[in-house]
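Breakdown of the fold
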Amino acid sequence: MLVVGLTGNIGCGKSSLSDIFRAEGIKIIDADIIARQIYEDEKLLRKVYETFGNDIKNEDGSLNRKALGRIVFSDDEKLIQLNKLTHPVIRQKVSDEIEEYKSQNEEIVILDAALLVESDYLNFIDKLLVVTCKENIQIERIIARDNCSIEEALGRIKSQMSQENKVKYADYVIDNSATLSELRKKAFIFMNYIKEKWRE
């Protein structure tokens, strides 16, 4: 089984590309979804409350993600603490899903993760696909999606590893500076290419 990593910076269209692959029947492991689901684990949730206090707890005992976000995104040390708790659980679940698809004899699986390079998921994958776009397009998309200012959009872009650095790790790059239909064409070319390579 070939495991292809898919990543890209905010506003570059990683999710759109992932949706195209999913619609074509390719299995997707979405690390961002897993990162949200892990808080259903009571043992982990208890550790999070012990570390960050009961102010991040909703009345029903569930996690108040916004309250947790306010704490960790304004304090690098707190973010490191959270990552130490959550990353091992996320990595284990990603590993389990890859093994599950292997047992089902899938040809190709895509691991979709915004922080694939930064969180060191490279050892899980065989090839890395990075989706990029021009910065002015990236800014427009972030403003339209999140209803924020140019300064806020730039702040979000600057908080991530640069596209140039991410591309250094890539085996394949898709530029998504144009339309969705153009992205779909590039996705089909990539899918056909990767399926042929896998069968060689």
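Computed from a predicted structure; not experimentally measured. (Residues numbered from 1 in each chain as written. Predicted model: local features only at pLDDT ≥ 70, side-chain atom pairs only at ≥ 80, totals over all residues. Heavy atoms only, no water.)

Now for the side chain of Asn176. Among the structural elements, Asn176 can be located in the loop between strand S5 (172–175) and helix H9 (180–199). Beyond its immediate stretch of four places on either side in the chain, Asn176 contacts Cys12, Gly13, Val131, Thr132, Cys133, Arg141 and Leu183. (Helix = DSSP H or I, 4+ residues; strand = E, 2+ residues; numbered from the N terminus. Contact = heavy atoms within 4.5 Å.)

Glancing now at unusual backbone geometry. Notably, Asp120 is not glycine yet its phi reads approximately 60°, a positive angle. Tracing the backbone shows Asp120 in the loop between strand S3 (108–112) and strand S4 (127–132). Looking at Asp120, the relative accessible area reads 46%, which means it is partly exposed. You will see that Asn147, though not glycine, has its phi angle at about 50°, which is positive. Of note, Asn147 is situated in the loop between helix H6 (135–146) and helix H7 (150–158). (Buried < 20%, exposed > 50% of the residue type's maximum accessible area, 1.4 Å probe, protein only.)

With that out of the way, let us pick up the packing of helix H3 (residues 42–52) against helix H5 (residues 76–103). A pair of packed helices is characterised by two quantities: the angle between their axes and the separation of those axes. Contact geometry of H3 with H5 gives a least axis separation of 11 Å together with a crossing angle of 170°. With respect to H5, the element H3 is oriented roughly antiparallel. On H5, the residues touching Leu44, Lys47, Val48, Thr51 and Phe52 of H3 are Lys78, Gln81, Leu82, Leu85 and Val89. (Axes fitted to C-alpha atoms, helices over the stretch in contact; angles between N-to-C directions. Parallel < 35°, antiparallel > 145°, perpendicular 65-115°, else oblique.)

For the rest of this paragraph, the subject is the pattern of salt bridges. The tally for this structure, following the rule as stated, stands at 10 salt bridges. For Arg22, the salt bridge goes to Asp19, with nearest N and O atoms at 3.0 Å. Note that Arg22 and Asp19 are positioned in helix H1 (residues 14–23) at a spacing of three residues, about one turn of the helix. For Arg22, a relative accessible area of 38% gives the class partly exposed. Each of Lys14, Asp32 and Asp112 takes part in a single network of salt bridges with overlapping partners. (Salt bridge = Lys/Arg side-chain N within 4 Å of Asp/Glu carboxyl O.)

Let us look at the packing of aromatic side chains. Here the structure, examined in full by the defined rule, presents four aromatic pairs. Here the aromatic rings of Phe21 and Phe190 are separated by 5.9 Å at their centres, their planes lie at 45°, and the arrangement is tilted. Placement of Phe21 in helix H1 and of Phe190 in helix H9 is noted, with a sequence separation of 169 residues between them. We note that Phe21, like Phe190, is buried. (Phe/Tyr/Trp six-rings, centres within 6.5 Å; stacked < 30°, edge-to-face > 60°.)

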